[in-house]
Amino acid sequence: PPEAHNPLMRAEENAMLPLLPSLQGKTVVDLACGSGRYGRLALERGAAYVIGVDDSPAMIAAGLRAGVQLRFLEASMAQVPLQSDIADVVVCAVAIGHIPDIEPVICEISRLLRPGGTALVSDFHPKLFAAGAKRTFTGHDGDTYAVEHHAHPLKQVKAVANAASLDVVDVWEPRLWVNQSWRPAVVIYRLKRRGDGV
């Protein structure tokens, strides 16, 4: 559903929302949008134009069934058929871990952003993954499935972003109580495309 429906997503969203810049009148791309969780939130916060990009027709269909009003586009987050410099803000939430090579995605985020634009990129924390945690979901059949995940160390993400003309403005690491201790559950990068603008 287009909402934070598990503890990890709630921790991620609670940390992400205060980091969003003003979206009033802005163009937002919700990259790897799933059923449109952040696209819906962007519209609620006054964004003028929101495009949700995802490569799963089933997830887009779920968003449409839930009444999410953004414009959906079926495409890979590594190859988005939109013009360059189209977005004031790009959100890519808990998705870069789905792919082994993040460089094409980070380059697309930079290309889509106008100079001075902001991106918020979140993911399952690599330390939590290294500790043995898995990204799972329960299917309609009642079985539990593990989602393919590739851990991307913070140092790697920062280096790739820098090479793609994105400054890493901040990094947040929200924690969850896991196995009798507080552990980083999510990592959030706030990136800014170099140049004048927003």
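Just so it is clear, the structure is predicted and the values come from calculations on it, not from any experiment. (Residues numbered from 1 in each chain as written. Predicted model: local features only at pLDDT ≥ 70, side-chain atom pairs only at ≥ 80, totals over all residues. Heavy atoms only, no water.)

(A) Geometry of the side chain of R37. For R37, the location among the structural elements is in helix α2 (residues 37-44). Classification of R37 as buried rests on a relative accessible area of 7%. At a separation of 3.0 Å, a polar atom in the side chain of R37 contacts the side chain of E12. Beyond its immediate sequence surroundings of up to four residues, R37 is in contact with P2, E3, A4, M9, E12, E13, D30, A93 and V94. (Helix = DSSP H or I, 4+ residues; strand = E, 2+ residues; numbered from the N terminus. Buried < 20%, exposed > 50% of the residue type's maximum accessible area, 1.4 Å probe, protein only. Polar contact = N/O pair within 3.5 Å; in protein donor to acceptor, adjacent residues only side chain to side chain. Contact = heavy atoms within 4.5 Å.)

(B) Molecular detail of the side chain of S110. With respect to the secondary-structure elements, S110 resides in helix α4 (residues 103-112). A relative accessible area of 7% means that S110 is categorised as buried. A distance of 2.5 Å separates a polar atom in the side chain of S110 from the backbone oxygen of A164. The residues contacting S110, other than those within four sequence positions of it, are A164, S165, L166 and R193.

(C) Up close: the pattern of salt bridges. Taken as a whole and assessed by the stated rule, the structure comprises eight salt bridges. A salt bridge links R111 to E108, with the shortest nitrogen-to-oxygen separation between them at 2.7 Å. A residue pair is termed a helical-turn pair when its members lie 3 or 4 positions apart in one helix, as R111 and E108 do in helix α4 at three residues. Accessibility expressed as a relative area gives 23% for R111, which makes it partly exposed. With a relative accessible area of 10%, E108 lands in the buried category. R194 is paired through a salt bridge with D167; the nearest N and O atoms lie 2.8 Å apart. Remark: D167 occurs in strand β8 (residues 166-172) and R194 occurs in the segment after β11 (186-193); sequence separation between them is 27 residues. Residue classification places D167 among the partly exposed positions, given a relative accessible area of 33%. Overlapping salt bridges bring together E12, E13 and R37 as one network. (Salt bridge = Lys/Arg side-chain N within 4 Å of Asp/Glu carboxyl O.)

(D) Structural detail: the nonpolar core. Core analysis: the largest hydrophobic core is formed by 32 residues, its most contacted members being V29, L31, V90 and I109. Every element with two or more residues in this core is listed here: β1 (27-31), β2 (49-54), β4 (87-92), α4, β5 (113-124), α6 (154-163) and β11. Those residues in contact with V90 that lie beyond four places of it in its chain are V29, L31, I109, L112, L113, T118, A119 and L120. The next biggest cluster of nonpolar side chains, apart from the first, holds 26 residues, and it includes V28, V50, A93 and I188. (Core = buried A, V, L, I, M, F, W, Y, C linked by side-chain atoms within 4.5 Å.)

(E) Spatial organisation of the pairing of β11. The buried fraction of β11 is high, at six of eight residues. Pairing of β5 with β11, which is carried by seven bridges, proceeds in the antiparallel orientation. Of the residues in β11, the one forming a bridge with S122 is I188. Pairing analysis gives six bridges linking β8 to β11, with the strands arranged antiparallel. (Pairing = 2+ DSSP bridges.)

(F) Representation of the packing of helix α1 (residues 7-16) against α2 within the structure. One way to put it is that α1 packs onto α2 with a least axis distance of 13 Å and a crossing angle of 35°. For the pair α1 and α2, the crossing hand works out as right-handed. Between α1 and α2, the residues in contact are M9, E12, E13 and M16 and R37, Y38 and L41, respectively. Across the contact of α1 with α2, the residue classes break down as four nonpolar, no polar and three charged. (Axes fitted to C-alpha atoms, helices over the stretch in contact; angles between N-to-C directions. Left-handed = near helix turned anticlockwise from the far one by under 90°. Nonpolar A, V, L, I, M, F, W, Y, C, P; charged D, E, K, R; others polar.)

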